[in-house]
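Chain and residue survey
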Amino acid sequence: MKKRTLIVMMALLTAWVGCRADEGMWIPMLLKKYNIEDMQRQGFRLTAEDIYAINQASLKDAVIGLGREGRPFSHFCTGELISGEGLMVTNHHCAFGMIQAHSSLEHNYLRDGFWAASRQEELANPGITASILVRMEDVTDQINARLTSDMTDEQHEAKVVEVCKELEKNAVEGTNLHAKIKPYFNGNQYFMSVFKIYKDVRLVGAPPSAIGKFGGDTDNWMWPRHTGDFSVLRIYAGEDNEPADYSPDNRPFRPATFFKVSAKGLHEGDFTMVFGYPGTTQEYLTSYAVEQIQEVENPNKVAIRTSKLNVINAAMNSDELLRIKYASKAASVANAWKKWQGEIKGLKRFNTVETKRQEEDRFRQWAQGNPAYRDLLDTYRKLYDERRPLALAAAYLNEAGRSGAEIVGWAGTVYNAMSGKSFAEDPAQAKSKLKARAEEYFKDYDAATDQKVLVEMLILYNRGLSAEWIPAEVQAAAKKGIEAYVANLFRKSVFASRATLDAFIDKADTDSYRKLEKDPAYRLYASITAFNRDRIQPGLSRIEQQVKRLNKTWLKAQMEMQPDKRFYADANSTLRISYGKVQGYAPNDAVYYKHFTTLRGIMEKDNPDIYDYDVPERLREIYRLRDFGPYTQDGEVPVCFVATNHTTGGNSGSPVLNADGHLIGLNFDRAWDGVMSDLQYHPEICRNISVDIRYVLFIIDKLAGARHLLDEMEIVTE
Ligand code: ARG
Ligand code: ASP
């Protein structure tokens, strides 16, 4: 072969590899323009309109963004409709808070699972919202048309906010829809999403945690995995099938479409697509930013959470009631804690900081003659140098301070409620609201455990920072002796028990909040908050504002420098599509992880002495009898599988679809080795983990005996 041909071929090959299908989270309304041909080349058999259309039903109508009242657009998870009567599946860990809220020692749904035998038994979850995307629209030009070149940065930003509000309002005027504009590509583009938001979402079923959270925090973020991470919900609507507040008279929602379930089975190499609401990624950070995450933020946050978890886990292992109380909290503390560690590991393994530095060197060369871009990276460097001590102080303030021991944040919550406007206006009503909140708070609270947490937090806070970054009260605690300080705080504070707090609230008038200013827990809270306001935020938010502006320019410049690269927008909690294929991976030399796990693996892990691996007796029995029904592949029940779809937090519960757009699984996690995909995606090692839909069907059928739910679904076997 001639040398020139070889070079051309190599260039083509790198270009092709450079835009590998697996990486990226794509915008549904732009699939037709950017992705559908590639998707079809990878095996997808539907059209772009089958996925996203506004004049006819399309798959997007069956994808649900799960949110909370008051902030319905920051979707904490994704769900999908699987019947014509509003039946929806999502992860067990997504509904964990709902399951926990309905649990008590008498009805321990966390431990035993829950299955509504009839529609009447389905349980309401006030505050949970379910959004369906109606349409989206590129509004960049409409926003830009209102900006002028003589505006300062501040004027510019204020104008964008103003125009967005106006456009959102106009878009849904006179309808029951909700519109939200979000920036994409670091603010170089804006899209508006218009939603219909349902407000009556009920719990239909959940497996016991020993299935839905099998492997617990031990296996979390790990592959091979055997977690049956699913739960079943149902959306209800008013008589007109439109969104309505909870009412016993509401009816199951009748959606425009729902996913067919595929029990056909899957093979390595099969096309897969994930359709959901990824929360946040930061793929276009500079080396300076990544270095700070890797060296400063993650390691310190991890250390603080480690000592917190030591206390909480010991409490949970000592007592069944404490296990219920702290289950949800411990899971959320442990989740990010473990991910940050995986992220550090991955960043080091792939030398991300160094690779980014090299890319930045190339950028410097390219930008030399360009005054708009020439100093960009030096400005970044200066800002991140300034940011370092502030970021460290903020990590302690948040992790060890405000959300360290619960009593600290709780003191702030109550104080703010009692000194607020609504308390002054209608004390009687505000008091009963506050007491209801206290009831909820104390249901999952154990003062003795929290006291131990506070001791640990104050020790770390004083040890981890130099005095100039430690709030006065935290320093004072160390001077008095932390054990003694904390013991005194818990003895004297009204926030430590429900009885004392209730009594205080009962007697309270509009001036009573002043008394709280002497409360030791409140004083700690106040000192921490003031420190944040006076010493950390002014600097940190100034820097972050500037970084945000630079980020916009930085991405724009990269797009100019690499005009042939297919860029994708970072996740921002809007509906996206990732596609790739079912595929195992090699985590280490000489090791290859297969793409799927089976029930056999659950039995291999089975160990009644280890909480996370204690398999329910009923499942053991089914396994002994090999009563698997039709839910097998090569004689075993499949449980989980991995694929190369680019996903992140928020994608949990997302439908995983095959080439025909049928549901083959529920996304719920990523493999440890590749969790740095939020910052940099590596196709050889980044894998999303899904529960195989056949395991879901198997559990519903054989373990829950809830065949009536299967009858609602449309299950495809050919
Ligand atoms: N790692 C998954 C995600 O980020 C699942 C978390 C829930 N499971 C757990 N064991 N804490 O959300
Ligand atoms: N487990 C995550 C979630 O809850 C998904 C992920 O981070 O991969 O959304």
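One can find the structure itself at the top, above this paragraph.
As a starting point, this report considers the structure included with it. Predicted model only: the values in this text are computed from it and were never measured.

1. Here's the deal with the overall build of the chain
- Within the chain, the regular secondary structure consists of 27 helices and 20 strands.
- Since a compact globule built from 718 residues should have a radius of gyration of about 27 Å, the 26 Å found for the chain is in line with a globular shape.
- Projecting the C-alpha coordinates of the chain onto the three principal axes gives extents of approximately 80 × 75 × 60 Å.
- Here the chain holds 718 residues, and 55% of them are scored as buried.

2. Quick notes on empty space enclosed by the protein
- Summed over the entire model, instances satisfying the criterion amount to 2 cavities of 30 Å³ or more.
- The volume enclosed by the largest cavity comes to roughly 50 Å³.
- Surrounding the largest cavity, Asn 645, His 646, Thr 647, Arg 670, Ala 671, Gly 674, Val 675, Ser 677, Tyr 681, Cys 686, Arg 687 and Asn 688 form its lining.
- Counted by class, the lining of the largest cavity contains 4 nonpolar, 6 polar and 2 charged residues.
- Taken as a whole, the second largest cavity holds about 30 Å³ of empty space.
- Lining the second largest cavity, in full, are Ser 262, Lys 264, Gly 265, Leu 266, Ile 664, Asp 692, Ile 693 and Arg 694.
- For the lining of the second largest cavity, a count of residues per class yields 3 nonpolar, 2 polar and 3 charged.

3. Some points on the pairing of strand β2 (residues 77-81)
- With 5 of 5 residues buried, β2 is to be regarded as a mostly interior element.
- Going residue by residue along β2, you find Cys 77, Gly 79 and Leu 81 tucked away on one face and Thr 78 and Glu 80 tucked away on the opposite face as well.
- Sheet analysis places strand β1 (residues 63-68) next to β2, joined by 4 bridges and oriented antiparallel. Bridged to Val 63 within β2 is Glu 80.
- With 2 bridges connecting them, β2 and strand β3 (residues 87-90) associate as antiparallel partners. Note on β3: the bridge partner recorded for Leu 81 is Met 88.

4. Digging into the site of ligand 2
- Close to ligand 2 lie His 93, Trp 221, Thr 648, Gly 649, Gly 650, Asn 651, Ser 652, Phe 668, Asp 669 and Arg 670, which account for all nearby residues.
- Within the contact set of ligand 2, an oxygen atom lies 2.8 Å away from a side-chain nitrogen or oxygen of His 93.
- Ser 652 is positioned such that a nitrogen or oxygen atom in its side chain is 2.4 Å from an oxygen atom of ligand 2.
- Within the complex, 91% of the 270 Å² of free accessible area of ligand 2 lies under protein.

5. Section: the environment of Lys 548
- Along the chain, the position of Lys 548 falls in helix α23 (residues 520-561).
- On the basis of relative accessible area, Lys 548 is assigned to the exposed category, the value being 58%.
- Along the chain, Lys 548 and Asn 186 lie 362 residues apart, while their C-alpha atoms are 7.7 Å from each other.

The rules we used
Residues numbered from 1 in each chain as written. Chains lettered and ligands numbered in written order. Predicted model: local features only at pLDDT ≥ 70, side-chain atom pairs only at ≥ 80, totals over all residues. Heavy atoms only, no water. Helix = DSSP H or I, 4+ residues; strand = E, 2+ residues; numbered from the N terminus. Rg over C-alpha atoms; globule rule 2.2 N^0.38 Å. Buried < 20%, exposed > 50% of the residue type's maximum accessible area, 1.4 Å probe, protein only. 1 Å grid on protein atoms, 1.4 Å probe; cavity = no way out; pocket = protein on both sides within 12 Å on 5 of 7 lines; lining within 4 Å. Points joined across faces, edges and corners; volume = space filled by probe spheres on them. Nonpolar A, V, L, I, M, F, W, Y, C, P; charged D, E, K, R; others polar. Pairing = 2+ DSSP bridges. Near = heavy atom within 4 Å. Polar contact = N/O pair within 3.5 Å; in protein donor to acceptor, adjacent residues only side chain to side chain. Areas by Shrake-Rupley, 256 points an atom, 1.4 Å probe, with all protein chains shown as cover.

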